[in-house]
Number of protein chains: 2
Amino acid sequence: MTDALPREESLGYQVNHLARLFAQALAVRIAPYGVVPGQFAPLLALFEQDGLSQRELCDRVRIEQPTMANTLQRMERDGLVRRVPDPSDRRRAHVRLTERARAIEQELVSAALAVNGAATGGLTDAEIATYLDLTARMMRNLEADGGQ
Amino acid sequence: MTDALPREESLGYQVNHLARLFAQALAVRIAPYGVVPGQFAPLLALFEQDGLSQRELCDRVRIEQPTMANTLQRMERDGLVRRVPDPSDRRRAHVRLTERARAIEQELVSAALAVNGAATGGLTDAEIATYLDLTARMMRNLEADGGQ
DNA sequence: CTCCAGATCATAGCCAGCTATGCATGCGGG
DNA sequence: CCCGCATGCATAGCTGGCTATGATCTGGAG
């Protein structure tokens, strides 16, 4: 329980650092298209299925609702999406891609692939698969954790 | 280059998500001590060597200087550190732990170990070692990446 | 029909990260 | 000596994450 202090906070610290590096690598590649990293996941979800509600987007992207609300506000400001009210349920709004967003889909996908490629340089497919598997297992562990 | 869109943004997305889960798991465990995740790495660095300058802390923790400036401000507000001016160089200040911070060192280290333990449940030591190795390699790749 | 529980979204306020600047100090060359 | 560059820190302003709370609407129980 009271070991020597873990070398550089080990896993949690390293993963946090790696996540920041991924975000930065993505940022430089998508900046030319006027998109920032936080908008990326919602955009991918909408490319897959346009017209999702905010709630559905939260579930798919694994982000809390207020975070999504802010992100969508910026995306609307930046001309990437519109919110169209649901006539059958006035609480909901459907998020729809603009022409501008659809026009840059391929470029954004390419950017994501480029980041993945840069990160995994020198890694075998088996290593990448292992990494994803271990990542998924730890996510499940921590989700089940809940607290204490 | 223009593959099908990567399944859930693959690596970058998963790592981001995992990092958030780590931060949350840590947050619930250290909240009782009045510490938040962003203060954790600087505290560990200071436990190892007290009296570092802000610049040295940035280098050790891999955080940009303005981020550290804000974090230290909150840590000072929360009574975890003091900044004492360097008499021999009036630009610098040394960050020193308070008694309160030193008093909770063991609890904080335990919390970090508990988070690591929760995350790595069901993983072998070899798997954890592999994970850290692959993480380090990707970090090197992305650091070398720079942009484009 | 009414009213209340639940769902959807928005807002407030915080932490944590970043870039771009600005300001003061220190230091080395000429 | 001094001038200019480098260094250390602070500030401004942004993104993006969170919890807590509020407002509005739906739908069902009674």
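Just so we're clear, the structure is a prediction, and the values are computed from it rather than from any experiment.

A. Region of the structure containing the interface of chain A and chain B. Taken together, the 62 residues of chain A in the interface contact 62 residues of chain B. The partner of A:Asp145 in a salt bridge is B:Arg29, with the nearest N and O atoms 3.0 Å apart. Scanning the region where chain A abuts chain B turns up 17 residue pairs in polar contact (both at pLDDT 80 or more). Counting residues per element, the ones that place at least two in the side of chain A that touches chain B are helix H1 (10-30), helix H2 (37-48), helix H3 (54-61), helix H6 (105-119) and helix H7 (125-145) of chain A. At 17 residues, H1(A) tops the list of elements feeding residues into the side of chain A that touches chain B. Residues that form the side of chain A that touches chain B fall into these classes: 32 nonpolar, 18 polar and 12 charged.

B. Representation of the protein's contact with DNA strand D within the structure. Every one of the 26 residues lining DNA strand D counts as a neighbour, but A:Gly38, A:Arg77, B:Gln54, B:Gln65 and B:Arg91 are closest to it. Of all atoms in DNA strand D that approach within 4 Å of the protein, 69% are sugar or phosphate atoms. Between DNA strand D and B:Arg83 there is a distance of 3.2 Å, counted from a phosphate oxygen to a side-chain nitrogen or oxygen. A distance of 3.1 Å separates a phosphate oxygen of DNA strand D from a polar atom in the backbone of B:Ala93. Listed by contribution, the elements that provide at least two residues to the surface near DNA strand D are H2 and helix H4 (65-77) of chain A together with helix H1 (10-30), helix H3 (54-61) and helix H4 (65-77) of chain B. For the surface near DNA strand D, the per-class residue count stands at seven nonpolar, eight polar and 11 charged.

C. Representation of the relation of the copies chain A and chain B. Mapping chain A onto chain B calls for a rotation angle of 180° and an axial translation of 0.0 Å; the resulting RMSD is 0.0 Å. The operation mapping one copy onto its partner corresponds to a two-fold rotation axis. The fraction of interface residues of chain A whose copies in chain B are also interface residues reaches 100%, indicating that both copies meet through the same surface.

D. Here's a closer look at the packing of H2(A) against H4(A). Residues and elements named next belong to chain A. Packing of H2 against H4 brings their axes to within 10 Å, and their N-to-C directions diverge by 95°. By the angle between their axes, H2 is roughly perpendicular relative to H4. Along its contact with H2, which presents Gly38, Gln39, Pro42 and Leu43, the element H4 presents Met68, Thr71, Arg74 and Met75.

E. Structural view of the side chain of A:Thr98. With respect to the secondary-structure elements, A:Thr98 resides in the loop between strand S2 (93-97) and helix H5 (99-103). Here A:Gly79 takes part through its backbone oxygen, which lies 2.7 Å from a polar atom of the side chain of A:Thr98.

F. View of the protein's contact with DNA strand C. Every one of the 25 residues lining DNA strand C counts as a neighbour, but A:Gln54, A:Arg55, A:Gln65, B:Gly38 and B:Arg90 are closest to it. Counting only the atoms of DNA strand C that lie within 4 Å of the protein, the sugar and phosphate share comes to 68%. In the model, a phosphate oxygen of DNA strand C is placed 3.3 Å from a nitrogen or oxygen of the A:Arg20 side chain. Secondary structure elements with two or more residues in the surface near DNA strand C: H1, H3 and H4 of chain A together with helix H2 (37-48) and H4 of chain B.

G. A look at the packing of H1(B) against helix H6 (residues 105-119) of chain B. Residue and element names in this part refer to chain B. At a closest axis distance of 9 Å, the pairing of H1 and H6 adopts a crossing angle of 140°. Judged on the interaxial angle alone, H6 and H1 are oblique. Taken as a pair, H1 and H6 cross one another with a handedness that is right-handed. Between H1 and H6, the contacting residues are Phe22, Ala25, Leu26, Arg29 and Ile30 on the first element and Leu108, Ala111, Ala112, Ala114, Val115, Ala118 and Ala119 on the second.

H. Examining the packing of aromatic side chains more closely. Counted according to the given criterion, the structure contains one aromatic pair over all chains. Here the aromatic rings of A:Tyr131 and B:Tyr131 are separated by 4.2 Å at their centres, their planes lie at 5°, and the arrangement is stacked. Linking A:Tyr131 in helix H7 with B:Tyr131 in helix H7 (residues 125-145), this pair reaches from one chain into another. There is no split in this pair, since A:Tyr131 and B:Tyr131 are both buried.

I. Broad picture of the pattern of salt bridges. Under the counting rule described, the total for this entry stands at 25 salt bridges over all chains. A salt bridge links A:Asp59 to A:Arg55; its shortest N-O distance comes to 3.5 Å. Note that A:Asp59 and A:Arg55 are positioned in helix H3 at a spacing of four residues, about one turn of the helix. The partner of A:Arg137 in a salt bridge is B:Glu127, with the nearest N and O atoms 3.1 Å apart.

J. Summary view of the layout of surface pockets. Approximately 680 Å³ is the volume found for the largest pocket. Around the largest pocket, the lining comprises 30 residues; the ones closest to its centre are A:Tyr13, A:Asn16, A:Arg20, B:Val61 and B:Ile63. Here the element with the most residues in the lining of the largest pocket is H1(A); it accounts for seven residues. Of the residues contributing to the lining of the largest pocket, the split by class is 15 nonpolar, eight polar and seven charged. Its volume calculated, the second largest pocket comes out at about 570 Å³. Residue lining of the second largest pocket: 28 residues in total, with A:Ala23, A:Pro37, A:Gly38, B:Asn16 and B:Arg20 positioned closest to the centre. Tallying contributions element by element places H1(A) first for the lining of the second largest pocket, with seven residues.

Calculation criteria
Residues numbered from 1 in each chain as written. Chains lettered and ligands numbered in written order. Predicted model: local features only at pLDDT ≥ 70, side-chain atom pairs only at ≥ 80, totals over all residues. Heavy atoms only, no water. Contact = heavy atoms within 4.5 Å. Salt bridge = Lys/Arg side-chain N within 4 Å of Asp/Glu carboxyl O. Polar contact = N/O pair within 3.5 Å; in protein donor to acceptor, adjacent residues only side chain to side chain. Helix = DSSP H or I, 4+ residues; strand = E, 2+ residues; numbered from the N terminus. Nonpolar A, V, L, I, M, F, W, Y, C, P; charged D, E, K, R; others polar. Near = heavy atom within 4 Å. Least-squares fit on C-alpha atoms with pLDDT ≥ 70 in both. Axes fitted to C-alpha atoms, helices over the stretch in contact; angles between N-to-C directions. Parallel < 35°, antiparallel > 145°, perpendicular 65-115°, else oblique. Left-handed = near helix turned anticlockwise from the far one by under 90°. Phe/Tyr/Trp six-rings, centres within 6.5 Å; stacked < 30°, edge-to-face > 60°. Buried < 20%, exposed > 50% of the residue type's maximum accessible area, 1.4 Å probe, protein only. 1 Å grid on protein atoms, 1.4 Å probe; cavity = no way out; pocket = protein on both sides within 12 Å on 5 of 7 lines; lining within 4 Å. Points joined across faces, edges and corners; volume = space filled by probe spheres on them.

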